[in-house]
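# Overview (structure and organization)
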Number of protein chains: 2
Amino acid sequence: MSVKIPEALTCPIPKTDYDTIQMAHGAGGRLSAELVEKFFLPRFRNAILEKLDDQAVIDLPPGRVAISTDSFVVSPIFFPGGDIGDLAVNGTVNDVAMSGAKPRYLTAGFILEEGLPLEVLHRVLLSMEAAASRAGVNIITGDTKVVERGHCDNLFINTTGIGVIATHLNISAGNLKPGDKILLSGTIADHGAAILTTRKGLSFSSELTSDTAPLNGLVEAMTTICPEIHALRDPTRGGVAMTLNEFARASHVGILIHEERIPIQSGVRGACEILGLDPLLVANEGKLIASVPPEAADEVLAAMRQHPLGRNAVELGEVTAENTGLVVMRTALGTHRIVDVPLGEQLPRIC
Amino acid sequence: MSVKIPEALTCPIPKTDYDTIQMAHGAGGRLSAELVEKFFLPRFRNAILEKLDDQAVIDLPPGRVAISTDSFVVSPIFFPGGDIGDLAVNGTVNDVAMSGAKPRYLTAGFILEEGLPLEVLHRVLLSMEAAASRAGVNIITGDTKVVERGHCDNLFINTTGIGVIATHLNISAGNLKPGDKILLSGTIADHGAAILTTRKGLSFSSELTSDTAPLNGLVEAMTTICPEIHALRDPTRGGVAMTLNEFARASHVGILIHEERIPIQSGVRGACEILGLDPLLVANEGKLIASVPPEAADEVLAAMRQHPLGRNAVELGEVTAENTGLVVMRTALGTHRIVDVPLGEQLPRIC
């Protein structure tokens, strides 16, 4: 296996007898314990994790609890703008946050390939540490398994996130109402374009970078201004098109969007053209779509634009009573087309 | 990839265009949705999962919350007594239960290999359904990723479990007290011996079967009789030896066990001898070890023996003030030896 590690380490790799992952690192014996003590604990240390019981015990404040799980298998594991580590933290933080919850805790399950350089693991853990700190969440329990060389691909990470929802919020894909405004927090297709150009070894005048970021702060700014937000979702796999179609079907409404309002970086647009990708179908990892009562839309949009992760937010369209279950786009030419969901993927293993 | 599917399906496989997993099944498009609608939902259906939001929203009763996560990579995925599906449910149910919590909810993250027969997935999901039903837990949210052929090994499953701990319980590996009795719920090494003999193609006069089972009912019976139980743990990877060593170190006590009291099936003993394994180091998936105040030990042991999963429970030994951090075994010959923790594994990928 060959992994290109992107930059100088900010923190030296712990000294160990082995340079690479051995089968015994996943077997629950002394080498497993060394991995926990030298690699995991120094990165994620907190009072709950430190107990090293087989389960974490937490006190949750009153409120409904939001739980989300995701396995991350992105390839390559290091890419411009991020790596599998911060992606695994941000991805689950965002899924929890899209219920309006404040994400508080993450679990982390690692599947490591025999022979993985410990430097790669260390680098990924440093990213997870930084991402967890930025999002304000603690990693409170975890698990490590090792499989033989050739039986996984470097490493896979599962994260499960837990957050608490303020009692006055009621945010769900099934809550869209005709008349709602559809807001989008920024440029589309950045993550997918960064992964695919890296994978294909394409170079562009400006490097395309993933937008991976934790959106819980942006969600908090939005729900503080407008607790009546109807729906939130981050358009990851399947892109903006998939999220809007899920909204339309779950709420039995139509959605009309306006092509000329879609924010997209010129480099990303160019990459998608060369690669034959529809940017509406390409994954994002630091963007959200909201359905907001019309009377609150301007205020929410203004709040989004004041947040660093919502500077390029736009009103993308509106929810309609007609075209139930469908997403329709008014094109730049003034025609209308249905924005459909692809049968499969455009991009495998983008997260 | 070749997978031996053990028995006739109790429920016919859903009709689909493909017989095997395609990359597109993991891409968030229409084939992903088909997998959810035809395979996952019919097995795990409940009001929370059905919403198909990117996160599950639950109401938890008052109490501390226990959370545990585990990734399962067992090989082979079907083995005598179980498969990766019920193992993934029972393993996490047990880790949650060992805090004294009542497990209530599970998340499930699947990493599937391109080309995996859908019949294999279906069979594993049927096992998960049966195991979740037996344990009384609901699977409330999930995730599916697909990686290219040769980049994982059939399928890997992560489960994260959530349970609520009654406020009067205080159970932790750090709570052992000198004088406590060490109770063991039944025969040791059954799971590891079943996996290894299957993997090596060994046959014995009687088939060895895994003990995979949900222990939450047994824990409830024990904590009802004796809320003062100090510690509980299921001796999985690293076996009874690892759990006892973890107890001794976390509580700064010694542990003395008696070799002639260790319950072990003769077939398992024979397999371990042939394979050169110390049964104390071999994984269990349906057993627990408890540290109990001496005055309550007889009553707890009696309660364990009345439970189907504790019929062969024994008092294995006691907690001592001397030999801090060590586990000592009085052998059948009357000598004493230290029961140490292995450097690595005896058995890779047993769970």
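Residues numbered from 1 in each chain as written. Chains lettered and ligands numbered in written order. Predicted model: local features only at pLDDT ≥ 70, side-chain atom pairs only at ≥ 80, totals over all residues. Heavy atoms only, no water.

### Observations concerning the overall build of chain A
Secondary structure assignment for chain A yields nine helices and 14 strands. Taking 351 residues into account, the globule formula puts the C-alpha radius of gyration at 20 Å, and chain A, at 21 Å, falls close to it. Expressed as lengths along the three principal axes of its C-alpha atoms, the size of chain A is roughly 65 × 50 × 35 Å. A total of 351 residues make up chain A; the buried ones form 63% of that total. If you take every contact in chain A between residues at least 6 apart in sequence, the share linking residues at least 24 apart comes to 86%. By element, 49% of the accessible surface of chain A is carried by carbon and sulfur atoms, the whole surface being about 12800 Å². Separation between the mean location of the 29 positive side-chain charges and that of the 41 negative ones in chain A comes to 1 Å. (Helix = DSSP H or I, 4+ residues; strand = E, 2+ residues; numbered from the N terminus. Rg over C-alpha atoms; globule rule 2.2 N^0.38 Å. Buried < 20%, exposed > 50% of the residue type's maximum accessible area, 1.4 Å probe, protein only. Contact = heavy atoms within 4.5 Å. Areas by Shrake-Rupley, 256 points an atom, 1.4 Å probe, with all protein chains shown as cover. Lys, Arg positive; Asp, Glu negative; His and termini not counted. Charge placed at Lys NZ, Arg CZ, Asp CG, Glu CD.)

### A look at the interface of chain A and chain B
By convention, interface size is frequently given as the accessible area that disappears when the constituent parts associate. The interface of chain A with chain B comprises 68 residues on the first partner and 68 residues on the second. For the pair chain A and chain B, the summed buried surface comes to about 5500 Å²; carbon and sulfur atoms form 54% of the total. At the junction of chain A with chain B, the criterion picks out twelve salt bridges. Two residues, A:Asp143 and B:Arg237, come together in a salt bridge whose shortest N-O distance is 3.0 Å. (Buried area = accessible area lost by both parts, 1.4 Å probe. Salt bridge = Lys/Arg side-chain N within 4 Å of Asp/Glu carboxyl O.)

### As for the domain arrangement of chain A
All names here are of chain A. Along its sequence, chain A is organised into domain 1 (23-165) and domain 2 (173-338). Counting from both sides, the interface comprises 21 residues of domain 1 and, opposite them, 22 residues of domain 2. When the buried surface of domain 1 facing domain 2 is broken down by residue, Pro80, Asn94 and Met98 rank first, second and third, together holding 34% of it. Scanning the region where domain 1 abuts domain 2 turns up one salt bridge. Residue Lys102 is joined to Glu220 by a salt bridge in which the shortest nitrogen-to-oxygen separation is 3.3 Å. Linking domain 1 with domain 2 are eight residue pairs in polar contact (both at pLDDT 80 or more). Residue assignment for the side of domain 1 that touches domain 2 shows that the elements contributing at least two residues are α3 (84-97), β5 (102-113) and α4 (118-135). (Domains from an automatic or database assignment. Polar contact = N/O pair within 3.5 Å; in protein donor to acceptor, adjacent residues only side chain to side chain.)

### Quick notes on helix α5 (residues 190-200) of chain A
By the criterion of burial, α5(A) is predominantly enclosed, with eight of the eleven residues buried. Downstream of α5(A) by a residue or two, A:Gly201 has a phi angle that is positive, lying close to 70°.

### Points about the pattern of salt bridges
Once the charged atoms of two side chains with opposite charge are near each other, the side chains can pair. Per the counting criterion, the structure on display carries 40 salt bridges over all chains. Across the pair B:Arg233 and A:Asp53 runs a salt bridge, and its minimum N-O distance is 3.0 Å. Of this pair, B:Arg233 sits in strand β9 (residues 231-233) while A:Asp53 sits in the loop between α2 (47-50) and β1 (56-58), on two different chains. Here the two residues B:Arg233 and A:Asp53 agree in accessibility, since each one is buried. Connected through shared salt-bridge partners, A:Asp53, A:Asp54, B:Arg233 and B:Glu246 make up one network.

### Quick word on the relation of the copies chain A and chain B
At an RMSD of 0.0 Å, chain A and chain B line up after a rotation of 180° and a shift of 0.0 Å along the axis. On this basis, the relationship between the two copies can be described by a two-fold rotation axis. The rotation axis passes nearest to the C-alpha of A:Cys152 in chain A, at a distance of 2.1 Å. Here 100% of the contact residues of chain A are again contact residues in chain B; the copies associate through an equivalent surface. (Least-squares fit on C-alpha atoms with pLDDT ≥ 70 in both.)

### A look at unusual backbone geometry
Between A:Ser75 and the following residue, A:Pro76, the backbone shows a cis peptide bond with an omega angle of 0°. Within the element layout of this structure, A:Pro76 appears in the loop between β2 (64-72) and β3 (78-79). Phi at A:His252 takes a positive value of approximately 50°, unusual for a residue other than glycine. Along the chain, the position of A:His252 falls in the loop between α7 (239-251) and β10 (254-258). For B:Leu52, which is not glycine, the phi torsion reads 55° and is therefore positive. Inspection of the secondary structure puts B:Leu52 in the loop between α2 (47-50) and β1 (56-58). Judged by its relative accessible area of 39%, B:Leu52 falls in the partly exposed class.

### Section: helix α1 (residues 30-44) of chain A
Residues and elements named next belong to chain A. Taking 1.5 Å of rise per residue, the 15 residues of α1 would be expected to cover 21 Å, and the 20 Å separating its terminal C-alpha atoms lies within 8% of that figure. The sharpest bend along α1 comes to roughly 35°, located at Val36. All buried positions along α1 are accounted for by Leu31, Ser32, Glu34, Leu35, Phe39, Phe40, Leu41, Arg43 and Phe44. Taken together, the buried residues of α1 touch α2, β5, α4 and β6 (138-147). (Expected span 1.5 Å × (residues − 1). Bend = angle between axes of the 7 residues up to and from the residue.)

### Overview of the sheet that holds strand β6 (residues 138-147) of chain B
Whenever strands of a sheet pair, they do so through backbone hydrogen bonds, lying parallel or antiparallel. With respect to topology, five strands assemble into an open sheet ordered β1(A)-β2(B)-β7(B)-β5(B)-β6(B), the strand pairing being mixed. Single-partner strands in this sheet number two, and they are β1 of chain A together with β6 of chain B. In this sheet, neighbouring strand axes are inclined to one another by 15° on average, regardless of whether the strands run parallel or antiparallel. Sheet topology note: the strand β2 (residues 64-72) of chain B/strand β7 (residues 155-165) of chain B ladder contains nine bridges and is antiparallel. Residue pairing for β7(B): B:Ala66 is matched across the bridge by B:Gly163. (Pairing = 2+ DSSP bridges. Axes fitted to C-alpha atoms, helices over the stretch in contact; angles between N-to-C directions.)

### What to know about the sheet that holds strand β13 (residues 327-330) of chain B
Residues and elements named next belong to chain B. Here we have seven strands laid out as an open sheet, ordered β9-β11-β8-β12-β10-β13-β14, and mixed in their pairing. Each edge of the sheet is formed by a strand with only one pairing partner; in this case those strands are β9 and β14 (336-338). Ignoring which end each strand starts from, the neighbouring axes of this sheet average 25° apart. The sheet contact formed by strand β10 (residues 254-258) and β13 spans four bridges and is parallel. Bridge pairing links His258 to Arg330 in β13.

### Things to note about the pairing of β5(A)
Residue and element names in this part refer to chain A. Counted residue by residue, β5 has ten buried out of twelve residues, so it is predominantly covered. In terms of strand pairing, β5 meets β6 through nine bridges, oriented parallel. Within β6, the position partnered with Glu113 by the bridge is Val147. The β-α-β motif built from β5, the intervening α4 and the parallel element β6 has right-handed crossover chirality. (Right-handed = clockwise from strand over helix to strand, strands pointing away.)

### Section: the packing of α1(A) against α4(A)
Residues and elements named next belong to chain A. Two numbers describe how α1 lies on α4: the axes approach to 8 Å, and their chain directions differ by 25°. The angle between α1 and α4 falls in the class roughly parallel. Regarding α1 and α4, the two cross each other, and that crossing is right-handed. Across the interface between the two elements, Leu35, Phe39, Phe40, Pro42, Arg43 and Phe44 from α1 touch Leu118, Leu121, His122, Leu125, Leu126, Met128 and Glu129 from α4. Grouping the amino acids of the contact of α1 with α4 by side-chain chemistry returns ten nonpolar, one polar and two charged. (Parallel < 35°, antiparallel > 145°, perpendicular 65-115°, else oblique. Left-handed = near helix turned anticlockwise from the far one by under 90°. Nonpolar A, V, L, I, M, F, W, Y, C, P; charged D, E, K, R; others polar.)

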